[in-house]
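Descriptive structure summary
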Amino acid sequence: MPRRAWALISAALLAATAAFAAGALHATTAEAESNGVGLTPALGWSSWSFIRHDPTAAKIDAQADAMKNSGLAGAGFQYVNVDDFWYQCPGSQGPNVDANGRWVTDPAKFPASGSTNGIEVVADHVHADGLKFGLYVTPGVSHRAVVKNSPILGTPYHIDDIATTTGEKNYNCHGMVGIDYSKPGAQPFIDSWADEFASWGVDYVKIDGVGTGDIPDVKAWSAALRQTGRPIHLELSNNLSISAASTWAQYSNGWRTGGDIECYGCESGGSSYPLTDWAQVQRRFGQVASWQPDGDPGAFNDYDSTEVGNGSNDGISAPERQSMLSLWALGASPLILGTDLTHLDATDLGYLKNARVLAVDQDAIDARRIVDNGNQQVFAKTEKNGDVIIGLFDYSGTSGLTVSVSLTAAGVSSGKGTATDLWSGASLGTVSGTYRVTLGAGAVRLIRVTPN
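What this report covers is the structure whose coordinates are included nearby. (Residues numbered from 1 in each chain as written. Predicted model: local features only at pLDDT ≥ 70, side-chain atom pairs only at ≥ 80, totals over all residues. Heavy atoms only, no water.)

**Comments concerning helix H2 (residues 57-69)**
Since one α-helical turn is 3.6 residues long, residues separated by three or four positions face the same way. End to end, H2 covers 18 Å across 13 residues, agreeing with the expected 18 Å (1.5 Å per residue, within 8%). Turning to H2, its buried residues are Ala57, Ile60, Asp61, Gln63, Ala64, Ala66 and Met67. Turning to H2, the residues buried within the fold contact strand E1 (43-46), helix H3 (72-75), strand E2 (79-81) and helix H4 (118-128). (Helix = DSSP H or I, 4+ residues; strand = E, 2+ residues; numbered from the N terminus. Expected span 1.5 Å × (residues − 1). Buried < 20%, exposed > 50% of the residue type's maximum accessible area, 1.4 Å probe, protein only. Contact = heavy atoms within 4.5 Å.)

This is how it looks when you write it as structure tokens:
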């Protein structure tokens, strides 16, 4: 075939490929949750890792005050989230319910103030600190509401009209059963629950125990939160199926890609410390690589709590803490701290307030893994201005090694650029060809390369 014909065909193929890519990107963006929040990964704190089974109003107030006074709020951290155990759980029949079948706040932990619900009281304190407030729920309806056959607010229906006999996951209180969303009254029930949360000042809802069988619950909660008129972030947990990634993206702002990061059973002296270990962080490297195509502004892959803030009590070394933050930032993951903000380690606080690293997370771009060679791990992404962010990791927790990467493979098309170390802020001068760095066990070199 004549050379000119080949050139014409090649040009046509390139144009078609570009059009397809643009269309695919447009389709992905259009499918993201459209509730107007979560366009960048959420920054905040959750009660689960440190406080766990005993959240109280005083403890949550103290964490919110510490977020504000430590400067974390000024760095962009804004959510203060109450996880499980905020509601009454009298026994195995499930959470206690109000007259309309919704969970009842535990007044011993979150006392009311006059006619103001105890959760609303805490939300008011969090808002007074200039922050946002989050709350926890699980799919389905409490079996206690079925036994009571509670009326569904604003409808002629009752819980027995919508409940199934299928058990739903509630990891600690148990006693939740499914909802048949084909039945009239099902959506109004979730709407009434969402309306209650909104009236309390809730800004973030985490649905735990979500599986593919709970997609109807996710859709219902997504619609219910939108109809409140209050901007409310919706997060899904945990260990969600990657096969349904497009569905999670369509109906939520973020989803947990794996199990809990806490190293349950490693704690000592009845405390929550250590919060995690390096093996738990290592499990996220593969998740960041596998889920990379599925994150998008408004809908993010969530690699679980960021256990940085309490020094050695975090359970990982200082270099490993930098690696954790770097990996989460490269993966554009929510950074929801699990540590005790009232006893922050000064070094860790410096890590958390590093604006150069936080900017890598907040660019809302998921990095791809370009080196997967045993203990040598490299991730990279190209930002909108053309700069390339590269993270070189020593995956090993026991020995140092040299990690290298081709700059061209990382996305520096010219193979040459000016580099900055994002942790120290130091200029690394001009880099070209293959970039190499010798790292200690569990360490990272996170750099920004501006192509020449």
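Having seen the structure, we can now continue with the description.
**A look at the sheet that holds strand E11 (residues 335-337)**
The eight strands are arranged E10-E9-E8-E7-E3-E2-E1-E11 in an open sheet whose pairing can be described as parallel. The sheet is open, and its two borders are formed by strand E10 (300-302) and E11, each paired with just one other strand. In this sheet, adjacent strand axes meet at a mean angle of 25° when their direction is disregarded. Relative to the sheet, H4 contacts E2 and strand E3 (132-137), its axis offset from that of E3 by approximately 145°. (Pairing = 2+ DSSP bridges. Axes fitted to C-alpha atoms, helices over the stretch in contact; angles between N-to-C directions.)

**Here's the deal with the state of the cysteines**
If you walk through the whole model with that rule in mind, you get two disulfides. Across the disulfide from Cys89 sits Cys173; the S-S distance is 2.1 Å. Because the torsion about its S-S bond is 100°, the bridge between Cys89 and Cys173 counts as right-handed. Residue Cys89 is located in the loop between E2 and H4, and its partner Cys173 is located in the loop between strand E5 (163-168) and strand E6 (176-179); the two are separated by 84 residues in the primary sequence. Note on Cys89: relative accessible area 38%, which makes it partly exposed. With relative accessibility at 4%, the residue Cys173 sits in the buried group. For Cys263, the disulfide goes to Cys266, at an S-S distance of 1.9 Å. Taking the sign of the S-S torsion, 45° for the link of Cys263 and Cys266, the bridge is right-handed. (Disulfide = S-S within 2.5 Å.)

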